[in-house]
Every structure is written in C-alpha cells, then in structure tokens.
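# Structure assessment
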Amino acid sequence: MSADPQPAQPTALDRERTELGATWAETPGWMGWLSAVDHKTIGRRFILTAIAFFALGGLLAVLMRLQLARPEQRLVDADLYNQLFTMHGSTMMFLFAVPVMEGLGIAMVPLMVGARAIAFPRLVAFGYWMFLFGGLFLWISFALNIGPDNGWFSYVPLAGPAYGAGKRADVWAQMITFTELSGLVVATSIIVTIFKYRAPGMSLDRMPIFAWSELVTAGMILIAMPAVMVASTALILDRLIATHFFNQAEGGDPLLWQHLFWFFGHPEVYIIFLPAQGMMSTLIQTFTGRPIYGYIALVLSLVSTGFIAFGLWVHHMFATGLPQVGESFFTAASMMIAIPSGLQIFCWIASIWRGRIQWKTPMLYALAYFFVFLVGGLTGVMLAAVSLDLQVHDTFFVVAHFHYVLIGGSIFPLFGALHYWFPKLTGRMLSERLGVIAFTLLFIGFNLTFFPMHQLGLLGMPRRVYTYPAGLGWEGLNLLATAGGALMALAVITYAINVVWALRRGTHAAANPWNAGTLEWATASPPPAYNFHPVLVVRGRDSVWTDPDPITVIGLSCARREVLITRVVDANLDHRFESPTPSIWPFITAIATSILFIGSIFTPWAVVWGSIPVAIGLIGWFWPGSKSAPQEPTGAVIRERLA
Amino acid sequence: MNMQSMLAPAGLQAAAIERLWWIFLIVTSLVFVAVIVALVAAIVRRNRDGGPSDRAAFRGVAAAVIATAVTLIGLITVDAFTARKLASLETDDRMVVNITGRQWWWDIEYQHPLPSMRVRTANELRLPVGRVVQINLQSADVIHSFWVPALHGKRDVIPGHANEIWLKADTPGRYRGQCAEFCGLQHAHMALTVIVEPQDKFAEWIAAQRQLGPSDASEQAARGRQIVERGPCSTCHTVRGTDAGGRVGPDLTHVSARQTIAAGTLPTSRENLRKWIDNPQHVKPGVRMPALGLSRDDIDAVVAYLGGTQ
C-alpha cells in the first residue's frame, strides 16, 4: 500500500533525481525569490497571502462587532464603519476566498493529476504578483484614509462621480481590475493544466473530484469575471472622463451596474463554494477509507451548479421592481440549484455510510459542514422565494445566511483541507490536539456569532448600519453575536499557533500520512521540485489505493524541464514540452501593469504612457530563448510497452 | 418592541409574507432534521451492519433527490401564490402618496387633484386604516429602499426609475420603517415613522396639515419667523404661508406635530430641536444641514416659532 514509488534500480534513479532536482531548481538569491515559477511555491504564496488578508478582514469584522455590541455606540464613526464593511467584504471576497481557492488549486492540482509542473508557470507567477499588488494597493489606500466606503458591491450612483467624492470608489474599482486579472490568468493555467498536463491514462473520468471542482471553477471565472471588469472599468470611465454608462440623466442606467455586478457576483459565490465541494469529496473519501460514492453524480453536480449559477443573479435584485414573470423565473432557478447541492450531500452521506470514519481534525471540519452549510442552504431557499426575500433582503438575516453558506460551505472545508494538505505543502504535520481545539472554538463561536443574526433580520435590523436605536429588541442578540465573534477570533489564533508550532516542531510527514488514494500522496512530502520521477501512468481512479505498483514513463529528459502533454479526454500521450524556466519578467511586468492601473485612476494618459513599460516587460518575458519546440513523444515511452 | 418586526404584521401583504415564512421555516426545519438524522444514522449504522449494498445506496440517494425536487416545487408554488396575493391590491379607489428618498430622509407628499389640498411632510407617514394606498417612489439622489416591515417587503427607490408600492394597513398603531439600501454616510439614520389610525382621526390630521404655518402670536415666535424667513433656514426649508420656500430640506410647516426629527434620530421636543439647530453635525454627523452659527437667543426664537405648543 505504500505510496512512495520504490525505485527498481536505486542508483540510476537516484542519479536521475539529483539531475532533475538541479534542472528544476529555482534560481538562488533574492532575484531567484522574485523569479520563482514552481507551482508549489506560488501556490503556497497565494495561500499565505490570502490568509494574511483573511486575518486583516477578520480584524475589521471584530471592530464592526464591537461597534454594534451596544445601541447608539460611538466607538467607530459612520465614515469609518462604512469603510470597515466595504473593506471586510472586498477583502474576504477578492483577496481571501477566491485567491485561497486558486492557491490550493495551483499547489495541488498539478500534483493530483500527476504532472511535473503547472501550465504557463510564469503566467501564474504574474497572477500572484498582480494579486499581491492589488491587495496592497487596497490596504495601503485604506491606511491612508482613502479606503472605499460604498460596500463591496459599490452601487452607483452612490459610487458614481456625483456622490462618490475623492478617489475611494476608484480604488475599489481598480482593485477589482487587479484581482480579476490575476483570477483570469490563474484560471487559464488551471484549465490547461487539467486538460493537457494529466498523467498518461488519467482520462477525465479518473480525475480526482477536487481537480474537477477546480476545472469548473476556473471555467466560471473565465465567464463571470469579465462582467465585473467591464462594470468596474465603465465606473472608472464615468468617474474619470465623464462617460454616462450609469447616469440616468444622460441615458445611462444605475440598474445596468447591478445586472453586470450580480452577473459576476452570484457566480462568484459558487467560485468560492465549488472548490470547497471538491475538498469535501476529498476529505470524506480519505477519512472513510473508501472511494467516494457516486463519482459521476458528484462531477455532474459540480458542472450543473456551474451552469445554473449564471441563471440566478436577479435574485439579488428582487426589490428593484422587476416584472413578476421574470421574478418567478429567477425564483425557480435559484431554488433548483439546491438539487445538485443536495445530491452532493446525499452522496457524501452514502459514502460515510459505506466507509468507516477516521476521527481526524479534517474530518471534523467536513462533518461540521453538514450542520452549518445545511442551515445556510436552507435559508438560501427562503431567500430565493421572491415574496419572502422582499422582507428579509438587505437585513441581518441575509448576513447570517451568506456567512452560513460561505463559512459553512467554504471555510470549514477549506480549514479541513489546509489541515489535510499541510504535510504535503510543508512536510510537517499539524498537531491534532490544537486542531481539535481550534475546530471546537470555531464551531461554537461561529454559531454564536451568526445564528442570532437570523433573528435580528426578522426583527427588522437592516444591514450596513453603523448603529441602531435601543428599544427595537436588537440589543441582546447583537451582544451575543459580538461575544461569538471573540470566540471565532480565538479559534483563528489557535489555528495560527498550530501552524507556527508545526513548522518549527511538528513531526516530519511521511509521503502519505493519511493513507489517501490520490496521486499527490504518491510523492514525497513536500514533493521535490519536479514533483514526480518517474512520471506515473494511471490505470484507474484513486490509483494510490488501486494500483500500488504503477507502471511509469521513461524517456523524459533530466537535463531539461520536460513535461508530458496528453490528450484532453483520454490522456493518451501527445508530446513532450519544455516548461518555462524561472524568470524575473513576470515580476517586472506586474510592476509595470500595477503602475498603469494605479495611474489610470488619476489620469487617462496613464493608460497611454503606462503601456510602454508593460510592453517592455512583455518583450523581455517572451524574448526567444534556447527553448526547444514541442517534440513528438518518441523519447517518452510507457515502460510497459517496452517490457 | 416589535415596531419594525416582519413577524408582527399589520397589513395584508406583511401577513401573507409572515404566513409564507412559517411555512418555509417548518418545511426547511424538517429537511434539516431529516438530513442530520440520515448523517448520524450513516455514522452509527456502518459499525453495525457493514454498510449498504450499492443498490441500497443508490435507492437512498435517488429517493432523497426526488424528495428534494418535490419539496422545492411545492415551495415555489406557495411562493408564487403569495406573490399574487402581494400584487392583489391595485384598484382605482386608492389614496396616492409620493415619497422621495433623499440623503438621508423621506420627503412625503399626499396627492390631491387640487394642488392647494396637497400636503407635504417628512419622515412620518400617516395612513388611514383599511384604505388602499399607492405610494410612488422616487429618488432625488442615490438608491434607497422603502421598507416598513409591518406592512410589506421592500421596494427600491432608484433614480430614473418610477417604482411604486401598494399598501393596506389593517391594524392601527405606530410602526417603524427604515431605508434598506445602503445610501451613504447616514444610511443608519434614515428611518420612517408610520402611524396607522382610524379614518376620522386621519381626516382630522390631514385637515390640520393643510393649515398654513405655525402661529407667530408671541413676540419670540414672531422673531423666530423672521429668522426663518430671512436667515439661512429658508434656503432649504419651506414653511407654508411664509416667505420660506426652500425645497432641499424637509417641509417645516408642522414639524412640531411629527414624532421625531432628523428622520427618526431624535424624538421631537423643544430641547431636541434646540440641540439639532445648534449643531446638526453632532446629532447626525455628515447630515446635509450645516451648523448655522445662530446665537442662543436666535435658536430659542426659532424653536418658539417652529416648536409649536409642546
């Protein structure tokens, strides 16, 4: 059952591995640090940076809860409070949830599909720098008191030129451009990795479900994010050069913004949610010790959720006064998305029924999902009903709902998955004891914080208010929510202590510490720079379980960064391809692009002059090197054929 | 306590939505319990009988999916009937009120075929019990949302879009509404008082509202009127029957008869009016009304004039 492929000829294989290690190594020094293209390095950076933003966003939430602990409190003034909830929402959505899911995809997907590298590694590096610079841009602006204050949805005309004074709305809109650009390039890389970089024999129906979830998510990013980039660009144009996209007095329409924003905004929720469903399937499979039940059904659920997610954006706009027939359509569509979600839950319950649970921390998070996400999903059914939505829309009921969905449906599986993949990412094991403590605190704190908010919403408390009067029955519930917030903060601190402790003192991880079935566990923890040698051939699902002595590929060069390109559906050998080497140019191009983006909120000329450094960066990036052309797989042969 | 609760309905539509809420709550609670029971059973049973056959698992999952679909179709149907009920009020025999959302208050105008019979007020909507009311919603600036939970759900107030909402209040009483779409700095202080009263009391009230401005009988009130007309007040405010005719801020003709000032921020009293005029920015930071720098005496005179007999 050992997942570590035992070398048949130790000495020859060891020599090859040493040579491969040198070939795939990053450049040393700080230049090398900026030039890194290893997907595991970039993935770790994505995850770490996103979690840093998560901590910052969480701090803002604590401040908001303190302000709302008592009625008519003047701890935080209206201006700061409006910045707080705008920054909290924008940070959590754009700088935490999406990037952390992408980061895990970048780090894990190539390993799970048995590839030596991610497709377009330089593009992924560029995507990281754009994400980092966009996030820093937003937070430095906030520190300079020009943080956005119109909500993470930035509705016009409040954010338009007439009412959004200063540069605050521009900072928000341009942060969107940064993060969405990053999202688009990463999505492209993940799609190509999944379609073309899979190990030979890993046909689409043998692919791990987490890879499926990342594939569907990446596809959704490609379709959803351009909508919001168009919207935010139109907003900047309205503000900077007086176009009238959203100005009703000149034939524009404020509702156009809402349609564009929610055409992105609703799929966005599923962009955060679907990778977590992949994690759920992964965790449940590993910790029940049996292949997941209903593989095809689970994959189809992911795909159909991805499609239906684009047909429900109008349920964010039920109060705007749309024709009733249209509202009914979107009610039905919004409710129907519960079917694939339900199907997944039922398959997981069947899996648990068929397997035997190992009570490890990641599995606790997976089990908590059933309680927490279920509540959020069911209140989601309520919000989909147009009549009911008219009352609870924009109240604390909605705040409760989407925290149950996003924390229950995404953060719980994510925290479980981070605990699960931590040994693969770092080579160390997290402490189970601290893990259980953090989990327990989070579960109790979360419910204490957000459950009372349902009741607050029913009692009429609207969202986005910096204070509220006494005497409406809201005081006690708000105080309770604030107390729960403290517990949640404690949980996150415990988790962080666990990580720091594990990195210093944690036990070294074996290749497959959880006895899991997917390919990332078939290589060392942490994996070598080249991921796999020899490259494995896949003959079934969960091949670490089903195929303990896999056949392998020979003939890939050890002196060059060769990866194997396979066909989209059946993953038969196609050709060898040389993966790009480390390069400083993605970093330089990202800096040039950032200067263009930031400059263009002040003057349209920044687009003209700023494009010159970007062009220089791209020329450097794509300067023809010694890289060889794609090669036929004559050299790469599946060993079995030779034998 | 329950002035702003959707669970304490006082109108036809709010009652219909409340009923829908209980239906949804019961159905979804049953679903929650069923799923959790299945999960716990799955964890426990495995250890006893070694898990299900593929066939049993398939049957279980398929049955659950079908049950989900049926439940959802049921809920969609109940919702559709409720939506029809919400839209059932429209009739020619109705009272028309125009409400304009402004940062951060509600400008209210009772319509009448005769312009002189129209009544303009702010932040306090009086409705006769049992009467169908058509409210035309407009925005003077950004998007707001009109929401009185005791009567109905929300209707957004969007610049350039003529929205309307139809209401019928069935129970006399005092209710609270609040802007429900984030509209800027003082979104939190954009409340609306709704007073539902018997037809005759409402008729009395609206007749009183049609009277011209407050009395300036006393010497102090007369001086107050002078300050209002010639000072900064008239730039923004109207007091009907006087030279003050500004349209930017709330109509002050009967401000003392309203229960709150500054869109629900403070209860109306002479003391609070004084506090407000002295420094509105302290009471409601960011409000469009500036501190006017009036002397103590001038403020007292203005309050004596506008503050009525309270």
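Let me sum up the structure you'll find in this document. (Residues numbered from 1 in each chain as written. Chains lettered and ligands numbered in written order. Predicted model: local features only at pLDDT ≥ 70, side-chain atom pairs only at ≥ 80, totals over all residues. Heavy atoms only, no water.)

## Here we look at the overall build of chain B
Each helix and strand in chain B was counted, giving 8 helices and 12 strands. On C-alpha atoms alone, chain B measures out to a radius of gyration of 26 Å, which is more than a quarter above the 19 Å that the 2.2 N^0.38 rule sets for 310 residues. Projecting the C-alpha coordinates of chain B onto the three principal axes gives extents of approximately 95 × 45 × 35 Å. Within chain B, the fraction of its 310 residues that count as buried is 54%. In the structure as shown, chain B presents an accessible area of about 13100 Å², 57% of it carried by carbon and sulfur atoms. Separation of charge centres in chain B, based on 33 positive and 28 negative side chains, amounts to 7 Å. (Helix = DSSP H or I, 4+ residues; strand = E, 2+ residues; numbered from the N terminus. Rg over C-alpha atoms; globule rule 2.2 N^0.38 Å. Buried < 20%, exposed > 50% of the residue type's maximum accessible area, 1.4 Å probe, protein only. Areas by Shrake-Rupley, 256 points an atom, 1.4 Å probe, with all protein chains shown as cover. Lys, Arg positive; Asp, Glu negative; His and termini not counted. Charge placed at Lys NZ, Arg CZ, Asp CG, Glu CD.)

## Some words on the state of the cysteines
Residue and element names in this part refer to chain B. Inspection of the entire model under this criterion finds 0 disulfides over all chains. The cysteine C179 is free of any disulfide, with C183 supplying the nearest cysteine sulfur at 3.9 Å. Residue classification places C179 among the buried residues on the basis of a relative accessible area of 0%. (Disulfide = S-S within 2.5 Å.)

## Overview of the packing of aromatic side chains
Residue and element names in this part refer to chain A. Across all of its chains, the model carries 66 aromatic pairs over all chains by this definition. On the basis of an interplanar angle of 85° and a centroid distance of 6.4 Å, the ring pair of F412 and F439 is categorised as edge-to-face. Here F412 is found in helix α14 (residues 396-426), whereas its partner F439 is found in helix α15 (residues 432-458), with 27 residues between them in sequence. Just as F412 is buried, F439 falls in that class too. An angle of 50° between the planes, with centres 5.4 Å apart, marks the rings of Y420 and W421 as tilted. Since its relative accessible area comes to 0%, Y420 is described here as buried. W421 sits in the buried class, given a relative accessible area of 0%. (Phe/Tyr/Trp six-rings, centres within 6.5 Å; stacked < 30°, edge-to-face > 60°.)

## Description of the interface of chain B and chain A
Contacts between the two partners involve 77 residues from chain B, matched on the other side by 78 residues from chain A. Surface buried jointly by chain B and chain A totals about 6700 Å² across both partners, of which 69% is contributed by carbon and sulfur atoms. The interface formed by chain B and chain A contains 2 salt bridges. Within the residue set of the side of chain B that touches chain A, elements represented by two or more residues are α1 (12-49), α2 (54-86), β7 (155-157), β9 (173-178) and α7 (280-283) of chain B. Per element, the largest residue contribution to the side of chain B that touches chain A is 18 residues, and it comes from α1 of chain B. Grouping the amino acids of the side of chain B that touches chain A by side-chain chemistry returns 47 nonpolar, 20 polar and 10 charged. (Contact = heavy atoms within 4.5 Å. Buried area = accessible area lost by both parts, 1.4 Å probe. Salt bridge = Lys/Arg side-chain N within 4 Å of Asp/Glu carboxyl O. Nonpolar A, V, L, I, M, F, W, Y, C, P; charged D, E, K, R; others polar.)

## Examining the sheet that holds strand β1 (residues 95-102) of chain B
All names here are of chain B. Strands sit in the order β3-β2-β1-β5-β8 across an open sheet of 5 strands; the sheet is mixed. Each edge of the sheet is formed by a strand with only one pairing partner; in this case those strands are β3 (119-122) and β8 (163-168). Each strand of the sheet is rotated relative to its neighbour by a mean of 25°, with strand direction disregarded. Direction of pairing for β1 relative to strand β5 (residues 132-139): parallel, over a ladder of 7 bridges. Across the sheet, the residue bridging to T100 is Q138, located in β5. (Pairing = 2+ DSSP bridges. Axes fitted to C-alpha atoms, helices over the stretch in contact; angles between N-to-C directions.)

None of this, on its own, says anything about what the molecule does.
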